[in-house]
Amino acid sequence: MSEDRDPSRWTTRWRYGGLVLLLIAVGLLSRRIPGVPPSVGDGLWAMMICGLVGFVVPTAHRTKIAITSVGICFAVEFSQRIDVEWLNALRTTLPGRLVLGRGFLWSDLVAYSVGVLVFWLAATLRDRPVN
């Protein structure tokens, strides 16, 4: 059977796709609830990145997904230190703000790390055999 027709790969891809949509909804909702710290949304954003990586590479091991996701999150955060007019203009739009953020914060790196760790732990617990 070809890899593209492997039913387990498509099941995994659908699962990751659903996770991404759920995390987007919960993340956006978290920004509207008074008292919820922004770091919660940042952690959910990092978990969503894990879901996107898993969607793109559904056969990847959860550890590779986590490492790749942390790299993407950190790269996006450090890119906020780049002061280029067109990039700053892009960040003023809603999609640009949601994807690229607006200002570098060290605390965001911690929130991303926690979000990826939560993803990794959940994936590890899900895959653990029940005795």
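Keep in mind the model is a prediction, meaning the values are calculated, not measured.

So, about the nonpolar core. Counting residues in each nonpolar core, the largest one holds 20 residues, and the members touching the most others are Trp45, Met48, Ile49, Ile65, Cys73, Tyr112 and Phe119. Where this core is concerned, the elements lending two or more residues are α1 (7-32), α2 (38-56), α3 (62-79) and α6 (106-127). The element best represented in this core is α2, accounting for 8 residues. Excluding its chain neighbours within four sequence positions, the residues that come into contact with Trp45 are Cys73, Val76, Leu98, Val99 and Tyr112.

What follows concerns a nonpolar patch on the surface. Residues Leu21, Ile24, Leu28, Leu94, Leu98 and Val99 make up a contiguous nonpolar surface patch of about 550 Å² in total accessible area. Counting only elements with at least two residues in the nonpolar patch, the list comes to α1 and α5 (94-100). Along the chain, the position of Leu21 falls in helix α1.

This part covers the pattern of salt bridges. Taken as a whole and judged by the stated rule, the model has 1 salt bridge. Residue Asp42 is joined to Arg31 by a salt bridge in which the shortest nitrogen-to-oxygen separation is 3.1 Å. Separated by 11 residues along the polypeptide, Asp42 in helix α2 and Arg31 in helix α1 bring together distant segments of the chain. According to the relative accessible area criterion, Asp42 is buried, its value standing at 10%.

This part covers the confidence of the model for the protein chain. Predicted confidence across the protein chain gives a mean pLDDT of 90, with 92% of residues reaching 70 or more. Here α5 is the element of the protein chain with the lowest mean pLDDT, 88, and α3 is the one with the highest, 96.

Closest axis-to-axis distance for the α3/α6 pair is 10 Å, and the angle between their directions is 165°. What the angle tells us is that α3 and α6 run roughly antiparallel. Seen along the crossing, α3 lies across α6 with a hand that is right-handed. Across the interface between the two elements, Arg62, Thr63, Ile65, Ala66, Ser69, Val70, Cys73, Phe74, Glu77 and Phe78 from α3 touch Trp106, Asp108, Leu109, Tyr112, Ser113, Val116, Phe119, Trp120, Ala123, Thr124 and Asp127 from α6. Across the contact of α3 with α6, the residue classes break down as 13 nonpolar, 4 polar and 4 charged.

Following the criterion strictly, the structure yields 4 aromatic pairs and no others. Judged by centre distance (5.2 Å) and plane angle (35°), the rings of Phe78 and Phe104 are tilted. With Phe78 in helix α3 and Phe104 in the loop between α5 and α6, this pair connects stretches of sequence that are 26 residues apart. On the basis of relative accessible area, Phe104 is assigned to the buried category, the value being 16%. Here the aromatic rings of Phe104 and Trp106 are separated by 4.9 Å at their centres, their planes lie at 85°, and the arrangement is edge-to-face. When its relative accessible area of 59% is taken as the criterion, Trp106 is described as exposed. Linked through ring pairs, Phe78, Phe104 and Trp106 together constitute an aromatic cluster. For the cation-ring pair, Arg13 lies above Phe55, with the distance from its terminal atom to the ring centre recorded as 5.6 Å. The cationic tip of Arg81 hangs over the ring face of Phe104; the distance from NZ or CZ to the ring centre is 4.6 Å.

Under the defined criterion, the tally for this structure stands at 0 disulfides. The cysteine Cys50 is free of any disulfide, with Cys73 supplying the nearest cysteine sulfur at 6.7 Å. Looking at Cys50, the relative accessible area reads 0%, which means it is buried.

Scoring rules and cut-offs
- Residues numbered from 1 in each chain as written.
- Predicted model: local features only at pLDDT ≥ 70, side-chain atom pairs only at ≥ 80, totals over all residues.
- Heavy atoms only, no water.
- Core = buried A, V, L, I, M, F, W, Y, C linked by side-chain atoms within 4.5 Å.
- Buried < 20%, exposed > 50% of the residue type's maximum accessible area, 1.4 Å probe, protein only.
- Helix = DSSP H or I, 4+ residues; strand = E, 2+ residues; numbered from the N terminus.
- Contact = heavy atoms within 4.5 Å.
- Patch = residues over 30% accessible without salt bridge, like charges linked within 9 Å, V, L, I, M, F, W, Y side chains within 5 Å.
- Areas by Shrake-Rupley, 256 points an atom, 1.4 Å probe, with all protein chains shown as cover.
- Salt bridge = Lys/Arg side-chain N within 4 Å of Asp/Glu carboxyl O.
- pLDDT = per-residue confidence, 0-100.
- Axes fitted to C-alpha atoms, helices over the stretch in contact; angles between N-to-C directions.
- Parallel < 35°, antiparallel > 145°, perpendicular 65-115°, else oblique.
- Left-handed = near helix turned anticlockwise from the far one by under 90°.
- Nonpolar A, V, L, I, M, F, W, Y, C, P; charged D, E, K, R; others polar.
- Phe/Tyr/Trp six-rings, centres within 6.5 Å; stacked < 30°, edge-to-face > 60°.
- Lys NZ or Arg CZ within 6 Å of the ring centre and 35° of its normal.
- Disulfide = S-S within 2.5 Å.

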